[in-house]
Amino acid sequence: MSHRSGPDASGSLWRDRDFRRYAVAHGISVTGSRVTTIALSVLAVVELHASTFNVALIAFASKLPPLLLSLHAGVLADRRRKRPVIITCDLLCAAVLLTLPTAQLLARITLIHLYAVAFTVAAVQVIGSNASISYLPSLLGPGRIKDGNSKMGANNSLADLIGTNSGGVLVTVLGAARAVTVDAASYLASALLLWRIKHREDPPPARTAGRSHWAEIREGLTYTLHTPVVRSIVLSNTATSFVLAASSALWSLYLLRELHWSPTALGIVMGAGGVGGILGALVWQPLERRWGPGKVMLGALALNPVAQIPLVVTGPGLGGQFAIGVGMVIQTGAAVCHGGLQRAVRQELAPDHLQGRAQATGAWLAFSLRPFAALAAGALGSLLGLRPTLTLITAALAVPFLVLWNSPVRGLGPAAPVSLIPTEEPASP
(Lines give C-alpha, C1' and ligand atoms only; values in the text may rest on other atoms or scores of the structure.)
Protein backbone atom coordinates (compact mmCIF):
# COMPACT_ATOMS: atom_id res chain seq x y z
CA MET A 1 0.00 0.00 0.00
CA SER A 2 1.19 3.48 -0.82
CA HIS A 3 1.48 5.45 2.44
CA ARG A 4 1.54 9.19 2.99
CA SER A 5 4.48 11.15 4.28
CA GLY A 6 5.35 14.81 4.60
CA PRO A 7 3.56 17.66 6.33
CA ASP A 8 0.05 16.60 5.43
CA ALA A 9 0.53 13.19 7.04
CA SER A 10 0.61 14.62 10.57
CA GLY A 11 -1.55 17.72 10.16
CA SER A 12 -5.27 18.15 9.76
CA LEU A 13 -6.71 15.96 7.05
CA TRP A 14 -8.63 18.95 5.71
CA ARG A 15 -5.26 20.46 4.70
CA ASP A 16 -4.60 17.41 2.56
CA ARG A 17 -5.75 18.39 -0.95
CA ASP A 18 -6.28 14.82 -2.11
CA PHE A 19 -8.38 13.92 0.93
CA ARG A 20 -10.44 17.09 0.42
CA ARG A 21 -11.15 16.09 -3.17
CA TYR A 22 -12.07 12.58 -2.10
CA ALA A 23 -14.35 13.84 0.68
CA VAL A 24 -16.04 16.52 -1.44
CA ALA A 25 -16.57 14.05 -4.29
CA HIS A 26 -18.20 11.59 -1.91
CA GLY A 27 -20.29 14.30 -0.27
CA ILE A 28 -21.57 15.62 -3.61
CA SER A 29 -22.70 12.17 -4.72
CA VAL A 30 -24.39 11.53 -1.34
CA THR A 31 -26.27 14.84 -1.68
CA GLY A 32 -27.51 13.90 -5.13
CA SER A 33 -28.47 10.40 -4.04
CA ARG A 34 -30.72 11.74 -1.29
CA VAL A 35 -32.56 13.82 -3.88
CA THR A 36 -33.16 10.67 -5.92
CA THR A 37 -34.36 8.75 -2.84
CA ILE A 38 -37.14 11.28 -2.34
CA ALA A 39 -37.83 11.58 -6.07
CA LEU A 40 -38.32 7.82 -6.51
CA SER A 41 -40.67 7.69 -3.53
CA VAL A 42 -42.76 10.56 -4.91
CA LEU A 43 -42.78 9.07 -8.42
CA ALA A 44 -44.02 5.75 -7.10
CA VAL A 45 -46.48 6.87 -4.43
CA VAL A 46 -47.84 10.18 -5.79
CA GLU A 47 -47.49 10.02 -9.57
CA LEU A 48 -47.85 6.28 -10.28
CA HIS A 49 -50.14 5.48 -7.28
CA ALA A 50 -48.14 2.37 -6.46
CA SER A 51 -49.48 -0.15 -3.94
CA THR A 52 -47.73 -0.95 -0.67
CA PHE A 53 -46.19 -4.07 -2.19
CA ASN A 54 -45.06 -2.25 -5.35
CA VAL A 55 -43.29 0.35 -3.23
CA ALA A 56 -41.62 -2.48 -1.32
CA LEU A 57 -40.55 -3.97 -4.67
CA ILE A 58 -38.63 -0.80 -5.48
CA ALA A 59 -36.82 -1.17 -2.17
CA PHE A 60 -36.23 -4.85 -3.01
CA ALA A 61 -34.70 -3.93 -6.37
CA SER A 62 -32.33 -1.42 -4.76
CA LYS A 63 -31.26 -3.84 -2.02
CA LEU A 64 -30.71 -6.95 -4.16
CA PRO A 65 -27.35 -5.99 -5.78
CA PRO A 66 -25.27 -6.22 -2.56
CA LEU A 67 -26.33 -9.86 -2.26
CA LEU A 68 -25.42 -10.60 -5.88
CA LEU A 69 -22.31 -8.49 -6.37
CA SER A 70 -20.52 -7.56 -3.11
CA LEU A 71 -18.14 -10.53 -3.05
CA HIS A 72 -17.20 -10.02 -6.71
CA ALA A 73 -16.73 -6.30 -6.09
CA GLY A 74 -14.19 -7.13 -3.40
CA VAL A 75 -12.13 -9.26 -5.74
CA LEU A 76 -12.27 -6.50 -8.38
CA ALA A 77 -11.09 -3.90 -5.86
CA ASP A 78 -8.12 -6.06 -4.80
CA ARG A 79 -7.14 -6.84 -8.40
CA ARG A 80 -7.17 -3.29 -9.78
CA ARG A 81 -6.31 0.23 -8.77
CA LYS A 82 -9.38 1.46 -6.98
CA ARG A 83 -9.69 5.10 -8.10
CA PRO A 84 -10.41 4.32 -11.79
CA VAL A 85 -13.07 1.85 -10.66
CA ILE A 86 -14.80 4.55 -8.57
CA ILE A 87 -14.70 7.08 -11.44
CA THR A 88 -16.15 4.58 -13.92
CA CYS A 89 -18.99 3.73 -11.54
CA ASP A 90 -19.81 7.43 -11.06
CA LEU A 91 -20.10 7.91 -14.83
CA LEU A 92 -22.31 4.83 -15.22
CA CYS A 93 -24.67 5.97 -12.42
CA ALA A 94 -25.08 9.37 -14.10
CA ALA A 95 -25.98 7.73 -17.42
CA VAL A 96 -28.57 5.41 -15.86
CA LEU A 97 -30.25 8.18 -13.85
CA LEU A 98 -30.63 10.40 -16.90
CA THR A 99 -32.97 7.80 -18.42
CA LEU A 100 -35.74 8.95 -16.04
CA PRO A 101 -36.06 12.60 -17.18
CA THR A 102 -35.49 11.40 -20.75
CA ALA A 103 -38.35 8.91 -20.47
CA GLN A 104 -40.64 11.61 -19.11
CA LEU A 105 -39.83 13.82 -22.08
CA LEU A 106 -40.35 11.09 -24.68
CA ALA A 107 -43.22 9.11 -23.20
CA ARG A 108 -43.94 8.34 -19.59
CA ILE A 109 -42.25 6.62 -16.67
CA THR A 110 -43.47 3.18 -15.57
CA LEU A 111 -42.98 1.11 -12.44
CA ILE A 112 -40.81 -1.31 -14.44
CA HIS A 113 -38.53 1.61 -15.32
CA LEU A 114 -38.29 2.57 -11.63
CA TYR A 115 -37.39 -1.01 -10.70
CA ALA A 116 -34.70 -1.09 -13.42
CA VAL A 117 -33.15 2.24 -12.39
CA ALA A 118 -33.19 1.34 -8.68
CA PHE A 119 -31.53 -2.03 -9.38
CA THR A 120 -28.93 -0.80 -11.87
CA VAL A 121 -27.80 2.24 -9.86
CA ALA A 122 -27.57 0.11 -6.72
CA ALA A 123 -25.56 -2.53 -8.60
CA VAL A 124 -23.02 0.01 -9.85
CA GLN A 125 -22.89 1.62 -6.39
CA VAL A 126 -21.96 -1.73 -4.82
CA ILE A 127 -18.84 -1.86 -6.97
CA GLY A 128 -17.99 1.84 -6.58
CA SER A 129 -18.67 2.01 -2.85
CA ASN A 130 -16.54 -1.01 -2.05
CA ALA A 131 -13.66 0.39 -4.07
CA SER A 132 -14.10 3.78 -2.36
CA ILE A 133 -14.05 2.37 1.19
CA SER A 134 -11.03 0.15 0.50
CA TYR A 135 -9.24 3.07 -1.24
CA LEU A 136 -9.29 5.22 1.92
CA PRO A 137 -6.50 3.35 3.80
CA SER A 138 -4.27 3.72 0.72
CA LEU A 139 -5.05 7.42 0.45
CA LEU A 140 -4.44 8.16 4.15
CA GLY A 141 -1.76 5.74 5.25
CA PRO A 142 -1.37 4.27 8.77
CA GLY A 143 -2.43 6.23 11.83
CA ARG A 144 -5.04 8.37 10.08
CA ILE A 145 -7.80 5.86 9.35
CA LYS A 146 -9.98 6.67 12.38
CA ASP A 147 -9.59 10.40 11.82
CA GLY A 148 -10.45 9.92 8.16
CA ASN A 149 -13.55 7.88 8.93
CA SER A 150 -14.67 10.43 11.51
CA LYS A 151 -14.32 13.30 9.05
CA MET A 152 -16.00 11.30 6.29
CA GLY A 153 -18.90 10.59 8.64
CA ALA A 154 -19.38 14.30 9.34
CA ASN A 155 -18.94 15.13 5.67
CA ASN A 156 -21.48 12.54 4.53
CA SER A 157 -23.97 13.57 7.22
CA LEU A 158 -23.75 17.19 6.11
CA ALA A 159 -24.28 16.03 2.53
CA ASP A 160 -27.24 13.93 3.68
CA LEU A 161 -28.72 16.95 5.46
CA ILE A 162 -28.36 19.15 2.38
CA GLY A 163 -29.63 16.47 0.01
CA THR A 164 -32.73 15.47 1.94
CA ASN A 165 -33.74 19.04 2.76
CA SER A 166 -33.20 20.28 -0.76
CA GLY A 167 -34.60 17.07 -2.23
CA GLY A 168 -38.16 17.77 -1.13
CA VAL A 169 -37.96 21.33 -2.44
CA LEU A 170 -36.40 20.26 -5.75
CA VAL A 171 -39.03 17.56 -6.26
CA THR A 172 -41.78 20.10 -5.57
CA VAL A 173 -40.30 22.78 -7.86
CA LEU A 174 -38.88 20.69 -10.71
CA GLY A 175 -40.99 17.57 -10.53
CA ALA A 176 -39.70 14.19 -9.37
CA ALA A 177 -38.22 13.00 -12.67
CA ARG A 178 -36.40 16.24 -13.46
CA ALA A 179 -35.02 16.42 -9.91
CA VAL A 180 -33.12 13.19 -10.62
CA THR A 181 -30.99 15.21 -13.06
CA VAL A 182 -29.38 16.82 -9.99
CA ASP A 183 -28.17 13.40 -8.87
CA ALA A 184 -26.77 12.64 -12.33
CA ALA A 185 -24.85 15.93 -12.25
CA SER A 186 -23.51 15.10 -8.78
CA TYR A 187 -21.99 11.86 -10.08
CA LEU A 188 -20.31 13.72 -12.93
CA ALA A 189 -18.85 16.27 -10.49
CA SER A 190 -17.65 13.44 -8.23
CA ALA A 191 -15.89 11.73 -11.13
CA LEU A 192 -14.11 14.98 -12.05
CA LEU A 193 -12.88 15.57 -8.49
CA LEU A 194 -11.62 12.00 -8.12
CA TRP A 195 -9.83 12.26 -11.47
CA ARG A 196 -7.93 15.30 -10.12
CA ILE A 197 -6.49 13.42 -7.11
CA LYS A 198 -2.69 13.37 -7.41
CA HIS A 199 -2.00 10.43 -5.08
CA ARG A 200 -1.04 7.33 -7.03
CA GLU A 201 -1.87 3.88 -5.73
CA ASP A 202 0.69 1.13 -5.82
CA PRO A 203 -0.25 -1.54 -8.34
CA PRO A 204 -2.12 -4.48 -6.80
CA PRO A 205 0.00 -7.53 -5.96
CA ALA A 206 0.45 -10.01 -8.77
CA ARG A 207 -2.08 -12.82 -8.75
CA THR A 208 -0.91 -16.33 -8.04
CA ALA A 209 -0.89 -18.32 -11.26
CA GLY A 210 -3.92 -20.56 -11.60
CA ARG A 211 -5.74 -18.95 -8.66
CA SER A 212 -9.46 -18.68 -9.39
CA HIS A 213 -11.88 -15.84 -8.77
CA TRP A 214 -13.77 -18.04 -6.31
CA ALA A 215 -10.60 -18.90 -4.39
CA GLU A 216 -10.07 -15.18 -3.79
CA ILE A 217 -13.66 -14.80 -2.61
CA ARG A 218 -13.16 -17.72 -0.20
CA GLU A 219 -10.06 -16.02 1.22
CA GLY A 220 -12.12 -12.94 2.10
CA LEU A 221 -14.88 -15.07 3.65
CA THR A 222 -12.38 -17.12 5.66
CA TYR A 223 -10.72 -14.00 7.03
CA THR A 224 -14.04 -12.45 8.07
CA LEU A 225 -15.52 -15.58 9.66
CA HIS A 226 -12.29 -16.57 11.45
CA THR A 227 -11.56 -13.16 12.97
CA PRO A 228 -13.65 -13.08 16.18
CA VAL A 229 -14.06 -9.30 16.53
CA VAL A 230 -14.74 -8.80 12.82
CA ARG A 231 -17.21 -11.68 12.73
CA SER A 232 -19.14 -10.31 15.71
CA ILE A 233 -19.32 -6.82 14.22
CA VAL A 234 -20.48 -8.14 10.87
CA LEU A 235 -23.18 -10.36 12.43
CA SER A 236 -24.49 -7.39 14.41
CA ASN A 237 -24.40 -5.26 11.25
CA THR A 238 -26.38 -7.96 9.45
CA ALA A 239 -29.14 -7.80 12.05
CA THR A 240 -29.17 -3.98 11.97
CA SER A 241 -29.23 -3.90 8.19
CA PHE A 242 -32.11 -6.38 7.97
CA VAL A 243 -34.34 -4.47 10.38
CA LEU A 244 -33.58 -1.02 8.94
CA ALA A 245 -34.14 -2.32 5.40
CA ALA A 246 -37.60 -3.46 6.47
CA SER A 247 -38.24 -0.07 8.04
CA SER A 248 -37.01 1.97 5.07
CA ALA A 249 -39.19 -0.06 2.67
CA LEU A 250 -42.30 1.36 4.38
CA TRP A 251 -41.08 4.63 5.90
CA SER A 252 -41.82 7.02 3.04
CA LEU A 253 -45.11 5.31 2.16
CA TYR A 254 -46.29 5.54 5.77
CA LEU A 255 -45.42 9.22 6.11
CA LEU A 256 -46.78 10.27 2.72
CA ARG A 257 -49.98 8.19 2.72
CA GLU A 258 -51.06 7.58 6.32
CA LEU A 259 -49.68 10.71 8.00
CA HIS A 260 -50.40 12.86 4.89
CA TRP A 261 -47.00 14.53 4.77
CA SER A 262 -46.00 16.68 1.80
CA PRO A 263 -42.79 15.88 -0.14
CA THR A 264 -41.24 19.02 1.36
CA ALA A 265 -42.04 17.90 4.92
CA LEU A 266 -40.66 14.44 4.15
CA GLY A 267 -37.40 15.95 2.89
CA ILE A 268 -37.02 18.31 5.86
CA VAL A 269 -37.67 15.65 8.52
CA MET A 270 -35.52 13.05 6.83
CA GLY A 271 -32.84 15.70 6.52
CA ALA A 272 -32.92 16.18 10.28
CA GLY A 273 -31.01 12.93 10.41
CA GLY A 274 -28.09 14.74 8.82
CA VAL A 275 -27.76 16.92 11.94
CA GLY A 276 -27.54 13.81 14.07
CA GLY A 277 -25.04 12.31 11.69
CA ILE A 278 -22.75 15.32 11.98
CA LEU A 279 -22.94 15.16 15.78
CA GLY A 280 -22.31 11.41 15.78
CA ALA A 281 -19.28 11.80 13.53
CA LEU A 282 -17.84 14.53 15.77
CA VAL A 283 -18.22 12.68 19.08
CA TRP A 284 -17.32 9.06 18.36
CA GLN A 285 -13.55 9.55 18.41
CA PRO A 286 -13.47 11.31 21.83
CA LEU A 287 -15.96 8.76 23.19
CA GLU A 288 -13.88 5.87 21.84
CA ARG A 289 -10.71 7.24 23.43
CA ARG A 290 -12.48 7.53 26.80
CA TRP A 291 -14.65 4.40 26.86
CA GLY A 292 -13.20 2.12 24.20
CA PRO A 293 -14.81 0.88 20.97
CA GLY A 294 -16.92 -1.82 22.65
CA LYS A 295 -18.95 0.46 24.93
CA VAL A 296 -19.38 3.11 22.23
CA MET A 297 -20.72 0.65 19.65
CA LEU A 298 -23.05 -0.95 22.19
CA GLY A 299 -24.35 2.42 23.37
CA ALA A 300 -25.05 3.50 19.81
CA LEU A 301 -26.99 0.29 19.07
CA ALA A 302 -29.00 0.67 22.30
CA LEU A 303 -30.31 4.05 21.10
CA ASN A 304 -31.69 2.65 17.82
CA PRO A 305 -35.03 1.21 18.99
CA VAL A 306 -35.64 4.10 21.40
CA ALA A 307 -35.17 6.66 18.63
CA GLN A 308 -37.71 4.99 16.35
CA ILE A 309 -40.55 4.94 18.90
CA PRO A 310 -41.92 8.38 17.83
CA LEU A 311 -42.53 6.99 14.34
CA VAL A 312 -45.14 4.53 15.60
CA VAL A 313 -46.81 6.56 18.37
CA THR A 314 -47.30 10.02 16.83
CA GLY A 315 -50.05 11.16 14.51
CA PRO A 316 -50.30 13.66 11.65
CA GLY A 317 -49.40 17.29 12.16
CA LEU A 318 -46.48 19.47 13.11
CA GLY A 319 -46.02 17.88 16.55
CA GLY A 320 -45.62 14.44 15.02
CA GLN A 321 -43.19 15.76 12.44
CA PHE A 322 -41.08 17.35 15.18
CA ALA A 323 -41.05 14.15 17.29
CA ILE A 324 -40.11 11.95 14.34
CA GLY A 325 -37.43 14.47 13.34
CA VAL A 326 -35.88 14.32 16.84
CA GLY A 327 -35.93 10.53 16.60
CA MET A 328 -34.18 10.77 13.24
CA VAL A 329 -31.47 12.99 14.75
CA ILE A 330 -30.80 10.45 17.51
CA GLN A 331 -30.99 7.37 15.30
CA THR A 332 -28.78 8.76 12.55
CA GLY A 333 -26.26 10.10 15.04
CA ALA A 334 -26.03 6.68 16.67
CA ALA A 335 -25.75 4.99 13.25
CA VAL A 336 -22.90 7.25 12.12
CA CYS A 337 -21.13 6.85 15.47
CA HIS A 338 -21.37 3.05 15.29
CA GLY A 339 -20.74 2.87 11.55
CA GLY A 340 -17.61 5.01 11.52
CA LEU A 341 -16.07 3.20 14.48
CA GLN A 342 -16.78 -0.35 13.33
CA ARG A 343 -15.52 0.46 9.82
CA ALA A 344 -12.28 1.93 11.20
CA VAL A 345 -11.71 -1.13 13.41
CA ARG A 346 -12.23 -3.45 10.44
CA GLN A 347 -9.97 -1.36 8.17
CA GLU A 348 -7.17 -1.34 10.76
CA LEU A 349 -7.40 -5.10 11.25
CA ALA A 350 -7.53 -6.08 7.58
CA PRO A 351 -4.23 -6.93 5.83
CA ASP A 352 -3.38 -4.64 2.89
CA HIS A 353 -3.91 -7.31 0.26
CA LEU A 354 -7.36 -8.13 1.68
CA GLN A 355 -8.79 -4.60 2.13
CA GLY A 356 -11.21 -4.88 -0.79
CA ARG A 357 -12.39 -8.39 0.01
CA ALA A 358 -12.57 -7.75 3.77
CA GLN A 359 -14.87 -4.76 3.24
CA ALA A 360 -16.88 -6.51 0.52
CA THR A 361 -17.38 -9.69 2.54
CA GLY A 362 -18.60 -7.65 5.50
CA ALA A 363 -20.99 -5.77 3.21
CA TRP A 364 -22.22 -8.99 1.62
CA LEU A 365 -22.93 -10.65 4.95
CA ALA A 366 -24.51 -7.49 6.36
CA PHE A 367 -26.63 -6.60 3.34
CA SER A 368 -27.47 -9.98 1.83
CA LEU A 369 -30.82 -10.22 3.62
CA ARG A 370 -31.94 -6.66 2.92
CA PRO A 371 -33.97 -7.39 -0.23
CA PHE A 372 -35.87 -10.10 1.62
CA ALA A 373 -36.44 -7.73 4.52
CA ALA A 374 -38.04 -5.29 2.08
CA LEU A 375 -40.29 -8.02 0.66
CA ALA A 376 -41.23 -9.22 4.15
CA ALA A 377 -42.03 -5.65 5.18
CA GLY A 378 -44.22 -5.21 2.10
CA ALA A 379 -46.09 -8.46 2.80
CA LEU A 380 -46.58 -7.66 6.50
CA GLY A 381 -47.58 -4.10 5.68
CA SER A 382 -50.24 -5.35 3.28
CA LEU A 383 -51.48 -7.95 5.79
CA LEU A 384 -51.29 -6.11 9.13
CA GLY A 385 -51.17 -2.46 8.09
CA LEU A 386 -48.27 -0.04 8.10
CA ARG A 387 -48.31 1.10 11.74
CA PRO A 388 -48.43 -2.42 13.31
CA THR A 389 -45.66 -3.57 10.97
CA LEU A 390 -43.45 -0.60 11.84
CA THR A 391 -44.11 -1.32 15.54
CA LEU A 392 -42.78 -4.86 15.14
CA ILE A 393 -39.77 -3.53 13.24
CA THR A 394 -39.02 -1.04 16.02
CA ALA A 395 -39.01 -3.82 18.63
CA ALA A 396 -36.68 -5.90 16.42
CA LEU A 397 -34.05 -3.13 16.54
CA ALA A 398 -33.03 -4.51 19.97
CA VAL A 399 -31.60 -7.65 18.30
CA PRO A 400 -28.33 -6.09 16.96
CA PHE A 401 -27.49 -4.83 20.46
CA LEU A 402 -27.97 -8.31 21.92
CA VAL A 403 -25.78 -9.86 19.23
CA LEU A 404 -22.89 -7.46 19.95
CA TRP A 405 -23.36 -7.71 23.73
CA ASN A 406 -22.75 -11.47 23.59
CA SER A 407 -19.47 -11.11 21.68
CA PRO A 408 -15.77 -10.27 22.23
CA VAL A 409 -16.50 -6.67 21.20
CA ARG A 410 -18.01 -5.97 24.62
CA GLY A 411 -14.54 -6.34 26.17
CA LEU A 412 -12.80 -3.86 23.88
CA GLY A 413 -11.78 -1.02 26.17
CA PRO A 414 -9.69 2.11 25.60
CA ALA A 415 -6.54 0.26 26.66
CA ALA A 416 -6.86 -2.34 23.86
CA PRO A 417 -5.27 -0.98 20.67
CA VAL A 418 -6.80 -2.38 17.52
CA SER A 419 -3.36 -3.53 16.39
CA LEU A 420 -3.26 -5.95 19.34
CA ILE A 421 -6.70 -7.51 18.75
CA PRO A 422 -6.33 -11.19 17.84
CA THR A 423 -7.15 -11.71 14.17
CA GLU A 424 -7.54 -15.47 14.21
CA GLU A 425 -9.27 -17.87 16.53
CA PRO A 426 -6.99 -20.32 18.31
CA ALA A 427 -6.64 -23.57 16.46
CA SER A 428 -8.74 -26.41 17.81
CA PRO A 429 -6.71 -28.95 19.81
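Rules of the game
Counting starts from 1 at the beginning of each chain's written sequence and moves along it residue by residue. This being a predicted model, a pLDDT of at least 70 is required before a residue's local features are given, and a value of 80 or more before pairs of side-chain atoms are given or counted; all residues contribute to the totals for chains, interfaces and linings. Heavy atoms from the whole structure form the basis of all side-chain values; hydrogens and water molecules are not counted. Put simply, a disulfide is two cysteine sulfurs that come within 2.5 Å. Buried, partly exposed and exposed residues are distinguished by accessible area as a fraction of the type maximum, computed with a 1.4 Å probe on protein chains only: under 20%, between the cut-offs, and over 50%, respectively. Buried Ala, Val, Leu, Ile, Met, Phe, Trp, Tyr and Cys residues form a nonpolar core when they are joined through side-chain atoms within 4.5 Å. Secondary structure elements are defined from DSSP: runs of H or I of at least 4 residues count as helices, runs of E of at least 2 residues count as strands, and each element is numbered from the N terminus. By definition in these notes, contact holds between two residues if any of their heavy atoms fall within 4.5 Å. pLDDT runs from 0 to 100 and stands for how confident the predictor is about each residue. Taking the helix axis as origin, the arc is that swept by the directions to the C-beta atoms. Without a salt bridge and with relative accessible area above 30%, a residue can belong to a patch; like charges are then joined within 9 Å and nonpolar side chains (Val, Leu, Ile, Met, Phe, Trp, Tyr) within 5 Å. Calculation of accessible area relied on Shrake-Rupley with a 1.4 Å probe; when residues are assessed, cover is drawn exclusively from the protein chains displayed. Salt bridge, as used here: a side-chain nitrogen of Lys or Arg that lies within 4 Å of a carboxyl oxygen of Asp or Glu. Charge counting treats Lys and Arg as positive and Asp and Glu as negative, with His and both chain ends excluded. Think of each charge as sitting on NZ of Lys, CZ of Arg, CG of Asp or CD of Glu. A 1.4 Å probe that fits but cannot get out identifies a cavity on a 1 Å grid over protein atoms alone, an open set with protein on both sides within 12 Å along at least five of seven lines counts as a pocket, and a residue lines either if it has an atom within 4 Å of a point. Grid points are joined across faces, edges and corners, and a volume is the space filled by probe spheres set on the points. The nonpolar class holds Ala, Val, Leu, Ile, Met, Phe, Trp, Tyr, Cys and Pro. Asp, Glu, Lys and Arg form the charged class, and all remaining residues, Gly among them, are polar. Take the number of residues in a helix, subtract one, and multiply by 1.5 Å to get its expected span. What counts as an axis is a line fitted to C-alpha atoms, over the stretch in contact for a helix, and the angles between N-to-C directions run from 0 to 180 degrees. Oblique is the label for any angle not covered by the other classes, which are roughly parallel (under 35 degrees), roughly antiparallel (over 145) and roughly perpendicular (65 to 115). In this scheme the handedness of a crossing depends on how the near helix is turned from the far one: anticlockwise by less than a right angle means left-handed, clockwise means right-handed.

Here's the deal with the state of the cysteines
Counted under the stated rule, the structure contains zero disulfides. With no disulfide of its own, Cys 89 has Cys 93 as its nearest cysteine by sulfur position, at a separation of 6.7 Å. We classify Cys 89 as buried; its relative accessible area is 7%.

Some details on the nonpolar core
Judged by nonpolar contacts, the single largest core of 81 residues is most densely connected at Phe 19, Tyr 22, Leu 114, Trp 251, Leu 255 and Ile 324. Examining the composition of this core, we find that twelve residues originate from one element, helix α2 (residues 17-47), more than from any other. Not counting residues up to four positions away in its chain, the partners in contact with Leu 114 are Leu 40, Leu 43, Ala 44, Leu 48, Ile 58, Leu 100 and Ile 109. Within the second largest apolar cluster, 22 residues are counted, among which are Val 234, Ala 350, Leu 404 and Val 409.

A word on the confidence of the model for the chain
Of the residues in the chain, 91% reach a pLDDT of 70 or more, and the chain-wide mean stands at 81. When mean pLDDT is compared element by element in the chain, helix α4 (residues 82-97) scores highest at 92, while helix α1 (residues 7-10) scores lowest at 43. This model gives residues 425-429 a pLDDT under 50, and the stretch forms three contacts once residues within four places in sequence are excluded.

Points about the environment of Leu 105
On the secondary structure map, Leu 105 appears in helix α5 (residues 99-106). Here the alpha-carbon distance between Leu 105 and His 338, two residues 233 residues apart in the chain, equals 43 Å.

Structural notes on α5
One turn of an α-helix holds 3.6 residues; hence residues three or four places apart share an orientation. When α5 is considered as a whole, its buried residues turn out to be Leu 100, Pro 101 and Ala 103. Down the axis of α5, the sector holding all buried residues measures 160°, keeping them to one side. Across α5 from its buried face, at more than 90 degrees, point the exposed residues Leu 105 and Leu 106.

Considerations on the side chain of Gln 285
Here Gln 285 is to be found in helix α11 (residues 263-291). Among residues more than four places away in sequence, those in contact with Gln 285 are Lys 146, Asp 147 and Ser 150.

Focus on a positive patch on the surface
Taken together, the side chains of Arg 17, Arg 20, Arg 196, Lys 198 and Arg 200 make up a positively charged region of the molecular surface. Looking at the secondary structure, you find Lys 198 in the loop between α8 (176-195) and α9 (213-225). Since its relative accessible area comes to 60%, Lys 198 is described here as exposed.

Description of a nonpolar patch on the surface
A cluster of nonpolar side chains, namely Val 169, Val 173, Leu 174 and Val 182, defines an oily patch on the protein surface of about 310 Å² accessible area. Along the polypeptide, Val 182 turns up in helix α8.

Some details on empty space enclosed by the protein
Following the criterion strictly, the structure yields three cavities of 30 Å³ or more and no others. Space inside the second largest cavity adds up to approximately 40 Å³. Among the elements of the structure, α12 (293-313) and α13 (318-349) are those that each provide at least two residues to the lining of the second largest cavity. Its residues assigned to classes, the lining of the second largest cavity comprises six nonpolar, three polar and no charged.

Description of α8
Helix length check: α8 (20 residues) gives 30 Å between terminal C-alpha atoms against 28 Å at 1.5 Å per residue, within 8%. When we look at burial in α8, the residues that qualify are Ala 176, Ala 177, Ala 179, Val 180, Asp 183, Ala 184, Ser 186, Tyr 187, Ser 190, Ala 191, Leu 193 and Leu 194. On its buried face, α8 is in contact with α2, α4, α5, α6 (111-140) and α7 (145-174).

Quick notes on the packing of helix α3 (residues 52-79) against helix α10 (residues 228-258)
Close contact between α3 and α10 brings their axes to 9 Å; oriented N to C, the two are set at 140°. When the axis of α3 is compared with that of α10, the two are oblique. As α3 runs across α10, the sense of the crossing is right-handed. Residues Thr 52, Val 55, Ala 59 and Lys 63 of α3 touch α10, and the partners they reach there are Ala 245, Ser 248, Ala 249, Leu 250, Leu 253 and Arg 257. Within the contact of α3 with α10, the residues separate by chemical class into six nonpolar, two polar and two charged.

Notes on unusual backbone geometry
Its identity as a non-glycine residue notwithstanding, His 260 has a phi of 60°, on the positive side. With respect to the element layout, His 260 can be found in the loop between α10 and α11.

Thoughts on the packing of α9 against helix α14 (residues 355-367)
Remark: α9 packs on α14, axes separated minimally by 9 Å, with the N-to-C direction vectors making an angle of 75°. Considering their axes alone, α9 and α14 lie roughly perpendicular with respect to each other. Residues Glu 216, Glu 219, Gly 220, Leu 221, Tyr 223, Thr 224 and Leu 225 of α9 form the contact with α14, whose participating residues are Arg 357, Ala 358, Thr 361, Trp 364 and Leu 365. Taken together, the residues of the contact of α9 with α14 sort by class into six nonpolar, three polar and three charged.

Thoughts on the layout of surface pockets
What the second largest pocket holds in volume is close to 180 Å³. If you go around the second largest pocket, you meet 15 residues; those closest to its centre are Val 283, Leu 287, Leu 303, Ala 334 and Cys 337. When residues of the lining of the second largest pocket are traced back to their parent elements, those giving at least two are α11, α12 and α13. Sort the elements by how many residues they give to the lining of the second largest pocket and α11 lands first, with six residues. Split into classes, the residues belonging to the lining of the second largest pocket amount to ten nonpolar, four polar and one charged.

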